[in-house]
Amino acid sequence: MTDSYVSSRAGDLSPNSNGSALNGSSPSLSNNLHSITPIIRKKLMGYVGFANLPNQVHRKSVRKGFQFTVMVVGESGLGKSTLVNTLFNTTLYPPKEPPAPNDERPQTVAIQSISADIEENGVRLRLTVVDTPGFGDFVNNDDSWKPITENIEARFDSYLEQENRVNRQKVVDNRVHACLYFIQPTGHALKPLDIEFMRRLHTKVNLIPVIAKADTLTDDEVAEFKARILADIAYHNIQIFQAPTYENEDEETITETEEIASKIPFAVVGSDQVVVLPNGRHVRGRSYPWGVIEVDNEEHCDFVKLRQMLVRTYMEELREYTNDVLYENWRTEKLLSMGVAQDSSVFKEINPALRMQEERVLHEAKLAKMEAEMKMVFQQKVQEKESKLKQSEEELYARHREMKESLEKQRLDLEEKKRKIENGRPLTPEKGTQQKTRKGFLRP
Ligand SMILES: Nc1nc2c(ncn2[C@@H]2O[C@H](COP(=O)(O)OP(=O)(O)OP(=O)(O)O)[C@@H](O)[C@H]2O)c(=O)[nH]1
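The structure presented is a predicted model; accordingly, all values stated were derived computationally and were not measured.

Scoring rules and cut-offs
- Residues numbered from 1 in each chain as written.
- Predicted model: local features only at pLDDT ≥ 70, side-chain atom pairs only at ≥ 80, totals over all residues.
- Heavy atoms only, no water.
- Salt bridge = Lys/Arg side-chain N within 4 Å of Asp/Glu carboxyl O.
- Helix = DSSP H or I, 4+ residues; strand = E, 2+ residues; numbered from the N terminus.
- Buried < 20%, exposed > 50% of the residue type's maximum accessible area, 1.4 Å probe, protein only.
- Pairing = 2+ DSSP bridges.
- Axes fitted to C-alpha atoms, helices over the stretch in contact; angles between N-to-C directions.
- Contact = heavy atoms within 4.5 Å.
- Core = buried A, V, L, I, M, F, W, Y, C linked by side-chain atoms within 4.5 Å.
- Phe/Tyr/Trp six-rings, centres within 6.5 Å; stacked < 30°, edge-to-face > 60°.
- Lys NZ or Arg CZ within 6 Å of the ring centre and 35° of its normal.

Trainee: Can you explain the pattern of salt bridges? Please cite residues and give values.
Mentor: All chains considered together, the criterion is met by 25 salt bridges. A salt bridge links aspartate 215 to arginine 286; its shortest N-O distance comes to 4.0 Å. On the criterion of sequence distance, the pair formed by aspartate 215 in the loop between strand S7 (207–211) and helix H6 (219–235) and arginine 286 in strand S10 (residues 282–288) is long-range, its members being 71 residues apart. Taking relative accessible area as the criterion, arginine 286 reaches 34% and is therefore assigned partly exposed. A salt bridge links glutamate 364 to arginine 360, with the shortest nitrogen-to-oxygen separation between them at 3.9 Å. Highlighted residues: glutamate 364 and arginine 360, both in helix H10 (residues 352–422), separated by four residues, approximately one helical turn. Connected through salt bridges with shared partners, the residues Glu163, Glu328 and Arg331 form a single ionic network.

Below, the structure is given as structure tokens:
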């Protein structure tokens, strides 16, 4: 015996555990069909095999690989490239040369993306990092967010176009699944540019705010800065990505989620350099005259929690939220603005019992209509027959009358003749006159 359960609906046309079955002759049952159909849990009698479904999904996903696109936004020099390299433990961004004084500076925000296929324990990840050099670097940064929004929407557009293709075998998901927004470690509060950017983008992308170069602030400064940033975010109704919590989750997961949430905005330190500690331990970190700050040490910064949220625990949630909420909202708005309306009846939940009832009513109405039509035709035919019969009856009466009249006339004639014979009178006086004429003088 296994602990697994299957559930069946009382509305199904199968006997349920109470031994009752759906049959049309039970009026009380047909009335109840409209009410709630409770889920009945049943114990399996043996191993069926659907417990293996998660493994099937796992195998398929591993074979297909994953696509993940992360965007990094922040002023120049805040450590974006270093953090991406640290996060994915690869030199996605090669070391940069600092710009020379006579180098021409770009006039607009550029969008650059780098992709790399990385593999870990046989799982392939196509990682794309979208960089936004130039953001916040100008004297006037009013429209710095515009090219970024346009880029995010262009990626949605491309996905929508692929979805609308006849052949959707190879849909490439280039949508931005997460946006790391680098906040300058000023220790004050969010700058107007930060607020403007987040306000404009929070409905289009999963925002993950990070305090860049957190090693430049003390622990107290970080705590105060975080509180002010969160207050600003709440005040401006900005939605940042929050790790989701589900019902029936185990305590460990709940604690992990809470811990991650408590660290937002993540105070991070990036470094792809390995430093040797006095005790001989090799760590990724930054070495200062007064000590070493370790990237992977949770007591030194929030890098581990950020990686947990972005990669280890919630990468799939980020992808799902992008698809199910952000992209879906954008798509709905776009199609509505193009005049495409949704037929809501398409998504009407169908209750099979209600559906059967509706069909029965329709069928009965159809039968009643057919019966009425047949009655009408029958009455018409009867009327026609009746009028024909009436007509022939009248004709017969007329003939009968005629015959009767002619017989009566014949009878009267005969009686007249009889009377004449009885009276001894010649039947035809004209004849007698003619004979006389014949015997005497016959006229020519
Ligand atoms: N103190 C400190 N310095 C850092 C940190 N991360 C990166 N740096 C340094 O900051 C400088 C700029 O780092 P990058 O990663 O190139 O910064 P970026 O934001 O990618 O710069 P752009 O490409 O110009 O936008 C480098 O010298 C890094 O070594 C950090 O967490 N703390």
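There is more to say after this.
Trainee: Requested: an account of the sheet that holds S10, with residues and values cited.
Mentor: Ordered by their spatial adjacency, three strands build an open sheet running S9-S10-S11, and the pairing between neighbours is antiparallel. Looking at the sheet topology across the chains shown, the edges are occupied by strand S9 (274–276) and strand S11 (291–294). Sheet twist, expressed as the mean angle between neighbouring strand axes with direction ignored, is 65°. Pairing of S9 with S10 involves three bridges; the strand directions are antiparallel. If you follow valine 275 over to S10, its bridge partner there is valine 283.

Trainee: Give me the sheet that holds strand S3 (residues 66–73): which residues, what numbers.
Mentor: The sheet built from six strands is open, its strands ordered S4-S5-S3-S6-S7-S8 with mixed pairing. Looking along the sheet, the strands with just one partner apiece sit at the ends: strand S4 (112–120) and strand S8 (266–267). Bridge analysis of S3 against strand S6 (residues 178–183) gives four bridges, and the strand direction is parallel. Bridge pairing in S6 places valine 72 opposite leucine 180. In the packing of H6 onto the sheet, the strands contacted are S6, S7 and S8, and the crossing angle to S7 comes to about 150°. Its contacts with the sheet place helix H9 (residues 315–337) against S3, strand S5 (123–131), S6 and S7, and it is angled at close to 85° to S3.

Trainee: Give a detailed account of the nonpolar core, specifying residues and quantitative values.
Mentor: By size, the foremost hydrophobic cluster in this structure holds 73 residues, and its most contacted members are Leu180, Phe197 and Ile208. Excluding anything up to four places from it in sequence, phenylalanine 197 contacts Val73, Phe135, Trp145, Ile148, Cys179, Tyr181 and Leu207.

Trainee: Can you lay out the packing of aromatic side chains for me, pointing to particular residues and giving the numbers?
Mentor: Counted according to the given criterion, the structure contains nine aromatic pairs. Ring geometry for phenylalanine 135 against tyrosine 181: centres 6.0 Å apart, planes inclined by 85°, an arrangement best described as edge-to-face. Highlighted residues: phenylalanine 135 in the loop between S5 and helix H4 (145–163) and tyrosine 181 in strand S6, separated in sequence by 46 residues. Here phenylalanine 135 and tyrosine 181 have matching classes, each one buried. Taking the centre distance of 6.4 Å and the plane angle of 70° together, the rings of phenylalanine 241 and tyrosine 321 count as edge-to-face. Placement of the pair is phenylalanine 241 in the loop between H6 and helix H7 (251–262) and tyrosine 321 in helix H9, with a sequence separation of 80 residues. By relative accessible area, which is 7% here, phenylalanine 241 ends up buried. Each residue in the set Phe156, Tyr159, Tyr327 and Trp330 is aromatic and connected to the rest through ring pairs, giving one cluster. Here arginine 175 stacks its cationic end above the ring of tyrosine 159, 3.6 Å away from the centre of that ring. Here arginine 175 stacks its cationic end above the ring of tyrosine 327, 4.8 Å away from the centre of that ring.

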